[in-house]
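Residue-level structural notes
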Amino acid sequence: MSNGAVTNGSSGQTHTESQRYLSTRGDDSGLSFEEVVLKGLASDGGLYIPHEIPAAEQWESWKDLSFVDLAFNVLSLYISPSEIPAEDLKDIIRRSYATFRSPDVTPLIQLQGNIHLLELFHGPTFAFKDVALQFLGNLFEYFLVRRNEGKTGRDRYHLTVVGATSGDTGSAAIYGLRGKKDVSVFMLHPKGRVSPIQELQMTTVLDANVHNLAVTGNFDNCQDIVKALFADPDINSSHKLGAVNSINWARILAQTVYYFYSYFSLARQQPDSFKIGDKVRFVVPTGNFGDILAGYFAHRMGLPVDKLVIATNENDILDRFWKTGRYEKKPAYGAAAEGGLPADGVKAHEDGVKETLSPAMDILVSSNFERLLWFLAYEFASSAGMDDEWNKKQAGQEVSAWLADLKTKGGFGPVYKDVLEAARRTFESERVSDQQTLDTIRSLYKEVGYVLDPHTAVGVEAARRSAARAPGVPTIALSTAHPAKFAGAVTLALRDEPGFEFDAKVLPPEFVGLDKKEKRVRDVANDWTAVRELVKQEVEEELKGLR
Ligand SMILES: *Cc1c(COP(=O)(O)O)cnc(C)c1O
């Protein structure tokens, strides 16, 4: 199907009047930003991408803008004023980042030599996911308030967000949605299997629209319950279910901003050695590929990027793709970790996800990688010189075929040589074991006195390797969490360092006394119908309370 915005000449215009979105699997196109944000996943199972990646033609002139003003300029290229008037968008952005503890929102510091650290953890839950979820929460609220204008009681559009979390996403989503009008949020976590700090961050939020459910089971059980709810006609007819997981386009979009912002921070901090127009490397601790994909968009918009470096832990499906061109859940060759923990220290789920010291990156497949695959397939199709509509159709078909193989055969590839070469032109990858993660935390602490969280340590180790290959190019490593959130790994790495004390060196005042606060959480069995009834009942009570 042809979309309205790009190729339809009926308006007589040659460029997009407002940005439209299509699905990576090709069966859904011409959607508005609002539709894409509220839907999350496309009806054909694909992920939404913009019909065109806009060029940031004036990007060099953004150098001295505040984070909020820069964010406004970047997001305006994707969200037209006919959808969200400029003043409203600016207000949403301003409120989203007013909750951050740093005036820079995402400050850049020089870590060591040519390696700089982009601290993304100054939001309410001390993890980089706040950057996207603070914005997404306000965006949901904005769209709902608008839809509900003049409506009262049961006529109001009420969104019920349901999600499963093993830690980071849950607390960031809860903080993004707490107290928001016309939204309830149900966050399922595996009882007793979330780090104590992360559990407390979720359960001490007492807003009436926040519902923590502790499921007797593991994270996979929680995910299965959420999937069952989304597939259930009963609750879908009575409740509008919404998702906030990392496939939501608004999350990717919000994250493109700090690539620009850190680039300009570097130019301000190193005026003698770094000029606007020079290239940088970005190194990104990667799980679902959302964070680094935002870097890809920033690059395609015009930001001078030398390489985007994917840093994986021992769950290395992406690293294996860049090395072999094959994307497979299980490696074809015995891939016992070189330099990893001894075999008996590695706990493996039946499905092959390894529990590592950087749990937010413990994934079997990276959902957002599908978006990059589409652009790679599109580029490949375009080399045949057909028209744009044909190229897009080809890309959608290719992605659908790859994803079908992933589902039925556990993998696909090797992809065409040209596709892999295109992937390698922009990206590099590094795999970092748990042992190397601990070593990196320790060595940075010894050398510069900085305490890294284990996810950031995966990135910093990859940054050191990458920087050694590109001596003159500055490297920006993304720091995705505050070390206090991962006390176990940090303590494991640093407990024998003279003078190291977790409480004195790492713990922020916000975490002190969290365990003494009042909690709100309900235990539920690993039974999706029981969860469904609980969701209905709690939404009902919430709505009663509002009247
Ligand atoms: C979610 C997360 C990541 C991985 O980000 P993706 O966008 O899923 O690649 C890395 N580090 C931390 C601390 C996270 O919470």
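Residues numbered from 1 in each chain as written. Predicted model: local features only at pLDDT ≥ 70, side-chain atom pairs only at ≥ 80, totals over all residues. Heavy atoms only, no water.

For the chain, the helix and strand inventory stands at 19 helices and 15 strands. At 23 Å, the chain has a C-alpha radius of gyration in line with the 24 Å of a compact globule built from 547 residues. Taken along its principal axes, the extent of the C-alpha atoms in the chain is 65 × 60 × 50 Å. Burial status across the chain gives 57% buried among its 547 residues. A fraction of 76% describes how many contacts in the chain between residues 6 or more apart in sequence connect residues 24 or more apart. (Helix = DSSP H or I, 4+ residues; strand = E, 2+ residues; numbered from the N terminus. Rg over C-alpha atoms; globule rule 2.2 N^0.38 Å. Buried < 20%, exposed > 50% of the residue type's maximum accessible area, 1.4 Å probe, protein only. Contact = heavy atoms within 4.5 Å.)

Strand pairs in the sheet, formed through backbone hydrogen bonds, run parallel or antiparallel to each other. Spatially, five strands are ordered E8-E5-E6-E7-E15 in an open sheet, and the strand pairing comes out parallel. Unpaired on one side and paired on the other, strand E8 (240–242) and strand E15 (522–524) mark the two borders of the sheet. Recorded for the sheet is a direction-independent mean angle of 30° between the axes of neighbouring strands. Strand direction decides the pairing type here: strand E5 (residues 159–164) and strand E6 (residues 183–190), joined by six bridges, are parallel. Bridging from a neighbouring strand, Ala164 pairs with Leu188 of E6. (Pairing = 2+ DSSP bridges. Axes fitted to C-alpha atoms, helices over the stretch in contact; angles between N-to-C directions.)

Glancing now at the environment of Phe135. Mapped onto the elements of the fold, Phe135 is located in helix H4 (residues 129–147). We classify Phe135 as buried; its relative accessible area is 0%. Residues in contact with Phe135, not counting those within four places in the same chain, are Leu75, Ile92, Ile93, Ser96, Tyr97, Ala250 and Ala254.

Ranked by size, the top nonpolar core spans 117 residues in total, and within it Phe33, Tyr97, Tyr259, Phe260, Phe289 and Trp322 carry the most contacts. Residue contributions to this core peak at 14 residues, all from helix H9 (residues 249–269). In this structure, Tyr97 is in contact with Phe67, Val68, Val105, Val131, Phe135 and Ala254, ignoring residues within four places of it in sequence. Grouped together as the second largest cluster of nonpolar side chains are 35 residues, Val458, Ala462, Ala484 and Phe500 included. (Core = buried A, V, L, I, M, F, W, Y, C linked by side-chain atoms within 4.5 Å.)

Near the ligand, the surroundings consist of 15 residues, among which Lys129, Asp168, Gly287, Asn288 and Thr480 are the closest. In the environment of the ligand, an oxygen atom lies 2.5 Å from a nitrogen or oxygen atom belonging to the side chain of Lys129. Thr480 is positioned such that a nitrogen or oxygen atom in its side chain is 2.8 Å from a nitrogen atom of the ligand. Its residues assigned to classes, the shell around the ligand comprises six nonpolar, six polar and three charged. (Near = heavy atom within 4 Å. Polar contact = N/O pair within 3.5 Å; in protein donor to acceptor, adjacent residues only side chain to side chain. Nonpolar A, V, L, I, M, F, W, Y, C, P; charged D, E, K, R; others polar.)

With that settled, the discussion passes to the pairing of E6. Successive side chains on a regular strand alternate, one facing one side of the sheet and the next facing the other. Among the eight residues that make up E6, eight are buried, leaving the element largely enclosed by the rest of the structure. Judged by which residues are buried, E6 turns out to be covered on both faces: Val183, Val185, Met187 and His189 on one side and Ser184, Phe186, Leu188 and Pro190 on the other are all buried. With six bridges connecting them, E6 and strand E7 (residues 210–215) associate as parallel partners. Pairing of Phe186 across the sheet is with His211, part of E7. As for the winding sense of the linkage, the β-α-β connection from E6 through helix H6 (residues 196–203) to E7 is right-handed. (Right-handed = clockwise from strand over helix to strand, strands pointing away.)

Reports often express the size of an interface as the amount of accessible area lost when the parts come together. Domain boundaries assigned for the chain yield domain 1 (17–50), domain 2 (158–239 + 517–546) and domain 3 (370–427). When each unit is reduced to the centre of its C-alpha atoms, the spacing between domain 1 and domain 2 is 26 Å. (Domains from an automatic or database assignment.)

Our next topic: the packing of aromatic side chains. Inspection of the entire model under this criterion finds 36 aromatic pairs. Above the ring of Tyr175, the side-chain terminus of Arg178 is found at 5.0 Å from the ring centroid. A cation over an aromatic ring shows up here: Arg268 above the ring of Tyr261, its NZ or CZ 5.7 Å from the ring centre. (Phe/Tyr/Trp six-rings, centres within 6.5 Å; stacked < 30°, edge-to-face > 60°. Lys NZ or Arg CZ within 6 Å of the ring centre and 35° of its normal.)

As a further point, take unusual backbone geometry. Residues other than glycine predominantly adopt negative phi, and peptide bonds predominantly adopt the trans conformation. The omega torsion of the bond from Gly413 to Pro414 falls at 5°, within 30 degrees of zero and hence cis. By the element assignment, Pro414 lies in the loop between strand E12 (411–412) and helix H14 (417–426). We note that Val105 has phi near 65°; this positive angle belongs to a residue other than glycine. Tracing the chain through its elements places Val105 in the loop between helix H3 (86–97) and strand E3 (108–112). Positive phi, normally seen in glycine, also occurs at Asp182, with a value near 65°. Topologically, Asp182 is positioned in the loop between helix H5 (168–177) and E6. Classification of Asp182 by relative accessible area gives buried; the value is 8%.

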